[in-house]
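# Results of the structural survey
Each chain, written out:
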Amino acid sequence: MESSHAIEAAKHVLQIFGTVLAIGMLSGLLAKKIKVPDVAIFLIVGILIGPELAGLVDVKADSAINQLILIFGSCYILFDGGASLKLKVLKEVWITILIISTLGVLITAAVTGVTAYYVLGVPMIVAALLGATIASTDPATLVPIFKQVTIKDRVAQTVMSESAFNDAMGAIVTFTVLGIAMGAGEFSLAAAAGDLLTQAGLGILVGGVAGYAAAFVIAHEKYDFLVEYAPLVTLMAVVGAYMSADQLHASGFMAVFVFGIILGNKDMFGFAMEHDEEKRLEEYVLTTALIMRMFIFILLGTQVDFALMNRYLVGGGIVVAVFMLVARPLTVFVCAGVDRRARWSVKELLFMSWTRETGVIPAALAGLLLGMKAPGAEMIASVTFIAVLMTILIQAPTTAWLARKLDLLVD
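Residues numbered from 1 in each chain as written. Predicted model: local features only at pLDDT ≥ 70, side-chain atom pairs only at ≥ 80, totals over all residues. Heavy atoms only, no water.

## Things to note about the overall build of the chain
From N to C terminus, the chain includes 16 helices and 0 strands. In terms of principal-axis extent, the alpha carbons of the chain reach across some 65 × 65 × 45 Å. Sorting the 411 residues of the chain into buried and exposed places 54% on the buried side. A total of about 18400 Å² of accessible surface is found on the chain, and carbon and sulfur atoms cover 67% of it. On the chain, the mean spot of the 26 positive side-chain charges and the mean spot of the 32 negative ones are 8 Å from each other. (Helix = DSSP H or I, 4+ residues; strand = E, 2+ residues; numbered from the N terminus. Buried < 20%, exposed > 50% of the residue type's maximum accessible area, 1.4 Å probe, protein only. Areas by Shrake-Rupley, 256 points an atom, 1.4 Å probe, with all protein chains shown as cover. Lys, Arg positive; Asp, Glu negative; His and termini not counted. Charge placed at Lys NZ, Arg CZ, Asp CG, Glu CD.)

Below is the structure:
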């Protein structure tokens, strides 16, 4: 009896996978045809085929399969984003990345929290928890966008790096505020800063070791004995880097991002692959990252709870509008403006102010708060999904248009 149930469950999962791949492929072609980032189309399609409308795909947000896809998919997309960054470019803008990934999260959270307090009429601590939950940007959304819209290197790489590095900060601020809200602690700037440095430092260390080890076995002049298995090496290293960092209570996402940076810049460490092998690895990563995007955003769309969103639709929409149009520009101009070394132009700052999509990471945090029955969790989940929909469906499709208007597109 149990065996037949297991077989039926396996068939059901296989059916879901086949449906997502087929619909995702057609959606990708449509996105290419109408020239918009595919994540926006995947999200819309997910809403259409989800249980609220067509009912073709129904994967619960708290199910093991959904968590597996979210974690591994986000890791792989982050690895892909890190591999596309160039250390020479990052050297010019590291001060901006550091400030906007730390102080920037606090500014965004504070402005959003104060707005929620006045607009939604919730207690200040609940409003602060909402601000912290949606303050970080989303690498799973931003990395694919900049893969499809070719922006000036330093702008694209700053925004992608910020989205990877502010993940740890966003989680720390969220759980610090949660501790206060549930009466389990009080805010300590020194403790929060120490926690951030520990998580980030260990994540960078784990990612650096994994990146160097992978480059050694696939690109060393003498010891590249796994060069033919380079795609599998990257796959194992992504999983290994995330799990190792997680075991050390560090940022797993930071680890896979740094792993990608090291592997993508392996020539600077004296490693080089044959052209054919390099091309084969790039094609594999490109295809795998596309599949991860399909699953993440189609499934995210299927999990949009319209009944929950409707409760706070108007107030939540106002909060998210302030979040997009006031909190983000203020964050960018304050944090990047102090970096005299980078010499950001007003056009570059305006573009960075617009590109701050909310996606997988804030949605996952909101889901955790729901599961923990945190104060105001339903309101936070509702506004978080409104932020996901508004930022991805408004900002992502207009990225190329704005870059063109600001003369930041690269031919």
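After that view of the structure, there is still more to cover.
## Some points on the packing of helix 5 (residues 124–133) against helix 16 (residues 377–405)
Helix-helix packing: each pair is described by the crossing angle between the helix axes and the interaxial distance. Where helix 5 contacts helix 16, the two axes come as close as 10 Å, and the packing angle between them is 35°. Helix-helix and strand crossings are classified by hand; for helix 5 and helix 16 the assignment is right-handed. Contacts from Val126, Leu129, Leu130 and Thr133 in helix 5 reach Met379, Ile380, Val383 and Thr384 in helix 16. (Axes fitted to C-alpha atoms, helices over the stretch in contact; angles between N-to-C directions. Left-handed = near helix turned anticlockwise from the far one by under 90°. Contact = heavy atoms within 4.5 Å.)

## Focus: the nonpolar core
Judged by nonpolar contacts, the single largest core of 133 residues is most densely connected at Leu130, Ile151, Ile218, Phe297 and Phe351. Counting residues per element, this core draws most heavily on helix 16, at 14 residues. The contact partners of Leu130, leaving out residues within four places of it in the chain, are Ala116, Leu120, Val319, Met379, Ile380, Val383 and Thr384. (Core = buried A, V, L, I, M, F, W, Y, C linked by side-chain atoms within 4.5 Å.)

## Considerations on the packing of aromatic side chains
Each aromatic ring pair is characterised by the separation of its centres together with the angle its planes make. On inspection of all chains with the given rule, the structure shows 9 aromatic pairs. Grouped by ring-pair contacts, the aromatic residues Phe72, Tyr76, Phe79 and Phe259 constitute a single cluster. Just above the ring of Trp344 sits the side chain of Arg154; from NZ or CZ to the centre is 4.2 Å. (Phe/Tyr/Trp six-rings, centres within 6.5 Å; stacked < 30°, edge-to-face > 60°. Lys NZ or Arg CZ within 6 Å of the ring centre and 35° of its normal.)

## Some words on the pattern of salt bridges
Under the definition given, this model contains 11 salt bridges. Measuring nitrogen to oxygen at the nearest pair gives 4.0 Å for the salt bridge that ties Glu8 to Lys11. Separated by 3 residues within a single helix, Glu8 and Lys11 lie in helix 1 (residues 2–34), roughly one turn from each other. On the basis of relative accessibility, which here comes to 51%, the residue Lys11 falls in the exposed class. A salt bridge links Asp58 to Lys60; the nearest nitrogen and oxygen atoms lie 3.6 Å apart. Salt bridges sharing common partners tie together Lys152, Arg154 and Glu348. (Salt bridge = Lys/Arg side-chain N within 4 Å of Asp/Glu carboxyl O.)

## Some details on the packing of helix 2 (residues 38–49) against helix 16
Taken N-terminus to C-terminus, the directions of helix 2 and helix 16 make an angle of 140°; their axes are 9 Å apart at the nearest point. Between helix 2 and helix 16, the angle falls in the class oblique. Between helix 2 and helix 16 lies a crossing whose hand is left-handed. Of helix 16, the residues touching helix 2 (which contributes Val39, Ala40, Leu43, Ile44 and Ile47) are Val388, Leu389, Ile392, Leu393 and Pro397. In terms of residue class, the contact of helix 2 with helix 16 is made up of 10 nonpolar, no polar and no charged. (Parallel < 35°, antiparallel > 145°, perpendicular 65-115°, else oblique. Nonpolar A, V, L, I, M, F, W, Y, C, P; charged D, E, K, R; others polar.)

## Points about helix 16
Counted at 1.5 Å a residue, the expected span for helix 16 with its 29 residues is 42 Å, and the 40 Å between its end C-alpha atoms agrees. Most pronounced at Thr399, the bend in helix 16 amounts to some 50°. (Expected span 1.5 Å × (residues − 1). Bend = angle between axes of the 7 residues up to and from the residue.)

## Some details on a nonpolar patch on the surface
A contiguous nonpolar patch, built from Val114, Tyr117, Tyr118, Val119, Met124, Leu313, Val314 and Ile318 and spanning about 750 Å² of accessible area, is present on the exposed surface. Broken down by secondary-structure element, the contributors of at least two residues to the nonpolar patch are helix 4 (87–120) and helix 13 (313–337). No other element matches helix 4, which puts 4 residues into the nonpolar patch. You can see Val314 is positioned in helix 13. (Patch = residues over 30% accessible without salt bridge, like charges linked within 9 Å, V, L, I, M, F, W, Y side chains within 5 Å.)

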